[in-house]
Amino acid sequence: PELRFVNLNVAAFDAAKHAGLMLIGDAREGLEALGRSLAGFGVEDSYRGWCAEQVEEWDRELERLYGLGHGPPPAQSEVIGAVCEAAGPQDVVVCAAGSMPGDLHKLWRARDPKSYHVEYGYSCMGYEIPGGLGVKLAAPEREVFVLIGDGSYLMLPGELATAVEQGVKLTVVLVENHGYSSIGSLSRSIGSEEFGTKDPVERDLGANAESLGATLLRATTIDELRDALERARSESGVVVVHVEVDRYEGVPQYESWWDVPVAEVSRMETVQAARAEYEEGRGARRSHL
């Protein structure tokens, strides 16, 4: 198509669209121009009302998941709820990999533009502790809560020693589910029965964190977790709060469907059943392009 450089506004965009032109503009200038053009625009009251109803419904679902009363061990959603309640409006949550980023995306109540620091791009296991260290160095006035699973912790726990050495205040919530919960759930969904995702070795990751110089607090219930988080706020250095969760008590998918192909041929009945479910789900796909 013909390429022209124009001042971007709604009228220009509309005209260019009908003319089959490609528009290129400075992102900031373009957005500011669009903002001026949209000044005074509003949606219908009926739509505003519908949105408010959806927010109220979701708030009720959050409260349900925060207060499941599951276990012990508790559910991961309850742990997220306790941390969210303990965090102030300016405090920051840091996470990166496993099932928690998806759960946080659904459940965390952000109250500040910089209070939510979650690495989605490549689900980098091990990012959490060094990422939290960087966040705290960049914003020392904010409390930083690092949420990390046992699988990610095993990838890169050594930066705890760096934080201790440098006197950086961090609260690390080490969530123990004895394996790779996220990929284990995926394995179950395709009938592979969590192959290679359960930890066969009994180890004490809390003791490992303590050996690196962190103050260790253990919690087996949500009330104990709340107490530990309150104590952690008053500490001056690195605190690791170790809590075990039920790996099978997850946050619902809410009608979403993940297109992960399942083996067409297998002797395992679980795989055969998963393939049948996959075929059924694939039949309900809709194209949006």
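Above this text is the structure in question.
This structure is a prediction, so every number in the text was calculated from the model and none was measured. (Residues numbered from 1 in each chain as written. Predicted model: local features only at pLDDT ≥ 70, side-chain atom pairs only at ≥ 80, totals over all residues. Heavy atoms only, no water.)

### So, the overall build of the protein chain
Scanning the protein chain from N- to C-terminus turns up 12 helices and eight strands. Expressed as lengths along the three principal axes of its C-alpha atoms, the size of the protein chain is roughly 65 × 55 × 40 Å. The burial tally for the protein chain puts 37% of its 289 residues in the buried class. Long-range pairs, those at least 24 residues apart, make up 69% of the contacts in the protein chain between residues at least 6 apart in sequence. With an accessible surface of roughly 17,100 Å², the protein chain has 54% of that area assigned to carbon and sulfur atoms. When the 27 basic and 47 acidic side-chain charges of the protein chain are each reduced to a single mean position, those positions are 4 Å apart. (Helix = DSSP H or I, 4+ residues; strand = E, 2+ residues; numbered from the N terminus. Buried < 20%, exposed > 50% of the residue type's maximum accessible area, 1.4 Å probe, protein only. Contact = heavy atoms within 4.5 Å. Areas by Shrake-Rupley, 256 points an atom, 1.4 Å probe, with all protein chains shown as cover. Lys, Arg positive; Asp, Glu negative; His and termini not counted. Charge placed at Lys NZ, Arg CZ, Asp CG, Glu CD.)

### Structural notes on the side chain of Lys 136
Positionally, Lys 136 belongs in helix 6 (residues 128–138). Nearest to the buried, unbridged Lys 136 among oppositely charged side chains is Glu 143, at 4.6 Å. In contact with Lys 136, not counting residues within four places along its chain, are Arg 142, Glu 143, Val 144, Val 168, Lys 169 and Leu 170. (Salt bridge = Lys/Arg side-chain N within 4 Å of Asp/Glu carboxyl O.)

### Here we look at the packing of helix 6 against helix 8 (residues 159–166)
Put simply, helix 6 and helix 8 touch, their axes get as near as 8 Å, and they point 25° apart. Relative to helix 8, helix 6 is oriented roughly parallel. Facing helix 6, whose interface residues are Ile 129, Pro 130 and Leu 133, helix 8 presents Glu 159, Leu 160, Thr 162 and Ala 163. The residue makeup of the contact of helix 6 with helix 8, split by class, is five nonpolar, one polar and one charged. (Axes fitted to C-alpha atoms, helices over the stretch in contact; angles between N-to-C directions. Parallel < 35°, antiparallel > 145°, perpendicular 65-115°, else oblique. Nonpolar A, V, L, I, M, F, W, Y, C, P; charged D, E, K, R; others polar.)

### Side note on the side chain of Ser 187
With respect to the helices, strands and loops of the structure, Ser 187 is situated in helix 9 (residues 181–189). Accessibility expressed as a relative area gives 9% for Ser 187, which makes it buried. Contacts of Ser 187, omitting those with residues within four sequence positions, involve Ser 192, Glu 193, Glu 194 and Phe 195.

### Some remarks on helix 9
Listed in full, the buried residues belonging to helix 9 are Ser 181, Gly 184, Leu 186 and Ser 187. Downstream of helix 9 by one or two residues, Gly 191 has phi in the positive range, about 85°.

### Notes on the pairing of strand 6 (residues 170–176)
Extensive coverage of strand 6 is indicated by the burial of seven of its seven residues. What you see with strand 6 is no split at all: Leu 170, Val 172, Leu 174 and Glu 176 on one side and Thr 171, Val 173 and Val 175 on the other are buried throughout. Across seven bridges, the pairing between strand 6 and strand 8 (residues 238–244) is parallel. What sits directly across from Thr 171, in strand 8, is Val 239. (Pairing = 2+ DSSP bridges.)

### Describing the packing of aromatic side chains
Counted by the stated rule, this structure contains three aromatic pairs. Judged by centre distance (5.2 Å) and plane angle (75°), the rings of Trp 58 and Tyr 254 are edge-to-face. With Trp 58 in helix 3 (residues 45–66) and Tyr 254 in the loop between strand 8 and helix 12 (269–283), the pair connects residues that are 196 residues apart, well separated along the chain. Under the relative-accessibility criterion, Tyr 254 is labelled partly exposed at 33%. (Phe/Tyr/Trp six-rings, centres within 6.5 Å; stacked < 30°, edge-to-face > 60°.)

### A word on the sheet that holds strand 8
Read from one edge of the open sheet, six strands run 4-3-5-6-8-7, paired in parallel fashion. At either end of the open sheet lies a strand with only one pairing partner, and these are strand 4 (116–118) and strand 7 (215–219). Within this sheet the neighbouring strands show an average axis-to-axis angle of 20°, counted without direction. In the packing of helix 6 onto the sheet, contacts are made with strand 3 (92–95), strand 4, strand 5 (144–149) and strand 6, and the angle to strand 5 comes to roughly 175°.

### Let's talk about the nonpolar core
General note: in soluble globular proteins, nonpolar side chains tend to be found buried as a group. Within the largest apolar cluster, 32 residues are counted, with the highest numbers of intra-cluster contacts made by Val 79 and Leu 147. Apart from residues lying up to four places away in sequence, Leu 147 is in contact with Ile 80, Val 83, Val 93, Val 94, Cys 95, Met 100, Leu 104, Glu 128, Val 173 and Val 175. One finds Val 94, Val 146, Tyr 153 and Ala 214 within the second-largest nonpolar core, a separate group that totals 21 residues. (Core = buried A, V, L, I, M, F, W, Y, C linked by side-chain atoms within 4.5 Å.)

### Topic: the pattern of salt bridges
Taken as a whole and judged by the stated rule, the model has 18 salt bridges. Between Arg 64 and Glu 61 there is a salt bridge whose closest N-O contact spans 2.9 Å. Linking Arg 64 with Glu 61, this pair stays in helix 3, spanning three residues, or about one helical turn. According to the relative accessible area criterion, Arg 64 is partly exposed, its value standing at 40%. The exposure class assigned to Glu 61 is buried, which follows from its relative accessible area of 16%. Among the ionic pairs, Asp 223 bridges to Arg 226, the shortest N-O distance being 3.1 Å. With Asp 223 and Arg 226 both in helix 11 (residues 222–234) and three residues apart, this pair spans about one turn of that helix.

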